[in-house]
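# Residue-level structural notes
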Amino acid sequence: MSGVVDPGYRFPKPMLFVNVSTPEKKKTYLLNWLSARPLWISQVDICPPSKFPSPQMWRDFLNTIDTDPLPSTKTVSMKLAVQDILGEAIINSAQGLTGAPQEITWQGMQGNPPLSFMWSLLWELYELNFCYELYVLDWALVPDHWTTSNEERITCQTLLYGIFPGESSLVMWSESLPCYSCKLGLCTTDVPNLLPYISKFCQLMSVWPGAPAHLQSPVELKGQDNTEVYSVFSLACHFYVQTAFDFLGWQPSLPCIFQFV
C-alpha cells in the first residue's frame, strides 16, 4: 500500500543531524534548520505544499553553504529542486556558516552546541514527525471523517490534538520545552497522567482498517495494576508502526523520552 500518501518528509529526520562527519558541518545543519524552522512549520500547518522534500533534499538543504564561487550544474539543479518545494524565502534564510554567530541560540539555550541543546532539538523533531505522520495517516485511512462535514472534521481534530500535550495542537513548536514529565504525552511515565493520551491514541486508530478489537474498548486502570494499560499501549504501537510502514513506505517516527537537564 506504499504510495497512498505523499512520499516526502514534512520535517528532517533526526538522524540527519546525528550522522554528520564534523562539528563544523553539524553547525551548518543546525543553523540552516533553525533559520527555516518557524516559517516552514507554519507553512506545513497552515498552507502545506503539494509535495514534500525527500531525505536527500533535506540533506542538501541542511548542508547549504552559499560560498561556492563556481557551483556545479548538479549543485544548481539540486538547489532549484529544493527551492521548488521549500520556497524561495526559506532557501534564502539558509546562510550556512556565512556570517554565523559563534554560538547558536535556541529555546533560551546557547552553545556550540551542548548536549542538552541537541537532545532538545532532536526530541522536537521526533515529536513533529510523529504528530504529522499520524495526522496524514488518519486523513488517508479515514478520509470521510475529515471531509464529510465541518462538525466531523472538528471531532477528528479534537481527538487528534488530544493525543499531544500542550494547548497548541500540532504547532507544539510554538510552546516552551516541557519542564515536567507529566507534560510528555505518550511518553509520560506516570500511568494516571498517561492514560488519557493512550485512550485517545487508541480511539483514533480504532476506526482504521484492520484495527485490533482491543483498541475499540476504553483503556482503564484497574487499581495499582498497570499491566493491561501497557499491554493495550504495546498493541496500539505495533499496529501503528505496521500501518504507518505500509502506507508511508518507511519506518515511522515515534515519541521519545525528553532529557531533562
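These numbers were taken from a predicted model, which means no experiment stands behind them. (Residues numbered from 1 in each chain as written. Predicted model: local features only at pLDDT ≥ 70, side-chain atom pairs only at ≥ 80, totals over all residues. Heavy atoms only, no water.)

## Some words on the pattern of salt bridges
- Taken as a whole and judged by the stated rule, the model has two salt bridges.
- Note that Lys 13 and Glu 133 form a salt bridge whose closest N and O atoms lie 3.1 Å from each other. Linking Lys 13 in the segment before α1 (15–18) with Glu 133 in helix α6 (residues 115–141), this pair joins segments that are 120 residues apart in sequence. For the pair Lys 13 and Glu 133, one class covers both residues: buried.
- In this structure, Arg 37 and Glu 124 form a salt bridge, with 2.8 Å as the shortest nitrogen-oxygen distance. Of this pair, Arg 37 sits in helix α2 (residues 23–46) while Glu 124 sits in helix α6, and the two are 87 residues apart along the sequence. (Salt bridge = Lys/Arg side-chain N within 4 Å of Asp/Glu carboxyl O. Helix = DSSP H or I, 4+ residues; strand = E, 2+ residues; numbered from the N terminus. Buried < 20%, exposed > 50% of the residue type's maximum accessible area, 1.4 Å probe, protein only.)

## Quick look at the side chain of Asp 138
- You can see Asp 138 is positioned in helix α6.
- Here Asp 138 is buried and forms no salt bridge, its nearest opposite-charge partner Arg 153 lying at an N-O distance of 12 Å.
- When residues no more than four places from it in sequence are discounted, the contact partners of Asp 138 are Pro 143, Trp 146, Leu 204 and Trp 208. (Lys, Arg positive; Asp, Glu negative; His and termini not counted. Contact = heavy atoms within 4.5 Å.)

## With respect to the nonpolar core
- With 73 residues, the main nonpolar core has Phe 17, Trp 33, Leu 134, Phe 201 and Trp 208 as its most contacted residues.
- The contact partners of Leu 134, leaving out residues within four places of it in the chain, are Leu 160, Ile 163, Phe 164, Phe 201, Leu 204, Trp 208 and Tyr 240. (Core = buried A, V, L, I, M, F, W, Y, C linked by side-chain atoms within 4.5 Å.)

## Thoughts on the packing of aromatic side chains
- All chains considered together, the criterion is met by 16 aromatic pairs.
- Plain terms: the ring middles of Trp 58 and Phe 61 are 6.1 Å apart, the flat faces sit at 70 degrees to each other, and that makes the pair edge-to-face. With a gap of three residues between them, Trp 58 and Phe 61 both fall in helix α3 (residues 55–62), about one helical turn apart. Here Trp 58 and Phe 61 have matching classes, each one buried.
- For the pair Tyr 135 and Trp 146, a centre-to-centre distance of 5.3 Å together with 80 degrees between the ring planes defines the contact as edge-to-face. With Tyr 135 in helix α6 and Trp 146 in helix α7 (residues 143–147), the pair connects residues that are 11 residues apart, well separated along the chain. (Phe/Tyr/Trp six-rings, centres within 6.5 Å; stacked < 30°, edge-to-face > 60°.)

## Section: helix α9 (residues 191–205)
- Here α9 spans 20 Å end to end across 15 residues, near enough to the 21 Å set by a 1.5 Å rise per residue.
- Burial in α9 covers these residues: Val 191, Leu 194, Leu 195, Tyr 197, Ile 198, Phe 201, Cys 202, Leu 204 and Met 205.
- For α9, the secondary structure elements touched by its buried residues are α6, α8 (150–161) and α10 (227–248). (Expected span 1.5 Å × (residues − 1).)

## Let's talk about the environment of Arg 10
- Among the structural elements, Arg 10 can be located in the segment before α1.
- Between the C-alpha atoms of Arg 10 and Pro 55, which are 45 residues apart in sequence, the distance is 9.8 Å.
- Beyond its immediate stretch of four places on either side in the chain, Arg 10 contacts Trp 40, Val 44, Phe 52, Trp 58, Tyr 132 and Val 136.

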